[in-house]
Amino acid sequence: MESIINNIGQIQEEIFRSCSFECIQKIIETAEDIQSLLSKLNIEKQSYLVELLRHLMMALDNKDYLLVADILEYEFKPLLITV
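The rules behind these values
- Residues numbered from 1 in each chain as written.
- Predicted model: local features only at pLDDT ≥ 70, side-chain atom pairs only at ≥ 80, totals over all residues.
- Heavy atoms only, no water.
- Helix = DSSP H or I, 4+ residues; strand = E, 2+ residues; numbered from the N terminus.
- Rg over C-alpha atoms; globule rule 2.2 N^0.38 Å.
- Buried < 20%, exposed > 50% of the residue type's maximum accessible area, 1.4 Å probe, protein only.
- Areas by Shrake-Rupley, 256 points an atom, 1.4 Å probe, with all protein chains shown as cover.
- Contact = heavy atoms within 4.5 Å.
- Core = buried A, V, L, I, M, F, W, Y, C linked by side-chain atoms within 4.5 Å.

Caption draft 1: Representation of the overall build of the protein. In terms of helices and strands, the protein carries four helices and zero strands. Each helix (α) and strand (β) of the protein, taken in turn from the N terminus, gives the series α-α-α-α. Taking 2.2 N^0.38 as the reference for a compact globule, 83 residues should give roughly 12 Å; the C-alpha atoms of the protein span a radius of gyration of 12 Å, in line with that estimate. By principal-axis analysis of the C-alpha atoms, the protein measures approximately 35 × 25 × 20 Å. Put simply, the protein has 83 residues, and 37% of those count as buried. Accessible surface for the protein amounts to roughly 5,100 Å². Of this, 53% is attributable to carbon and sulfur atoms.

This is the structure in structure tokens:
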């Protein structure tokens, strides 16, 4: 769990510097790590997490890196802290 939260912090720093290919790869890897947590959550949190992942990928597709950073900071981090 701690490593995912650390990855999110590193991603945010990279996004604000310049979202490179490596940064995008790290976002995708972190999203896959988050997805692997689904089985540990109740159905309500699973649904919420899936919706967040969908929004994250849409923001990434739209190259809206500020939105990507905000979703990671204000949605994923608080959710992961409670898991």
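Caption draft 2: View of unusual backbone geometry. With a phi angle near 55°, Lys 63 is a residue other than glycine that sits in the positive phi range. Here Lys 63 is to be found in the loop between α3 (43-61) and α4 (65-81). Of the residues examined, Lys 63 reaches a relative accessible area of 60% and is grouped as exposed.

Caption draft 3: A look at the side chain of Lys 77. Structurally, Lys 77 is set in helix α4. Judged by its relative accessible area of 17%, Lys 77 is buried. Not counting residues within four places of it along the chain, the set of residues in contact with Lys 77 comprises Ile 5, Ile 8, Gly 9, Gln 12 and Leu 72.

Caption draft 4: Representation of the nonpolar core within the structure. Judged by nonpolar contacts, the single largest core of 25 residues is most densely connected at Ile 27, Leu 49, Leu 56, Val 68, Phe 76 and Leu 80. Put simply, the parts of the chain that give this core at least two residues each are α1 (2-17), α2 (21-35), α3 and α4. Considering each element in turn, this core owes the most residues, seven residues, to α4. Those residues in contact with Leu 49 that sit more than four places away from it in its chain are Ile 34, Leu 38, Leu 41, Phe 76 and Leu 79.

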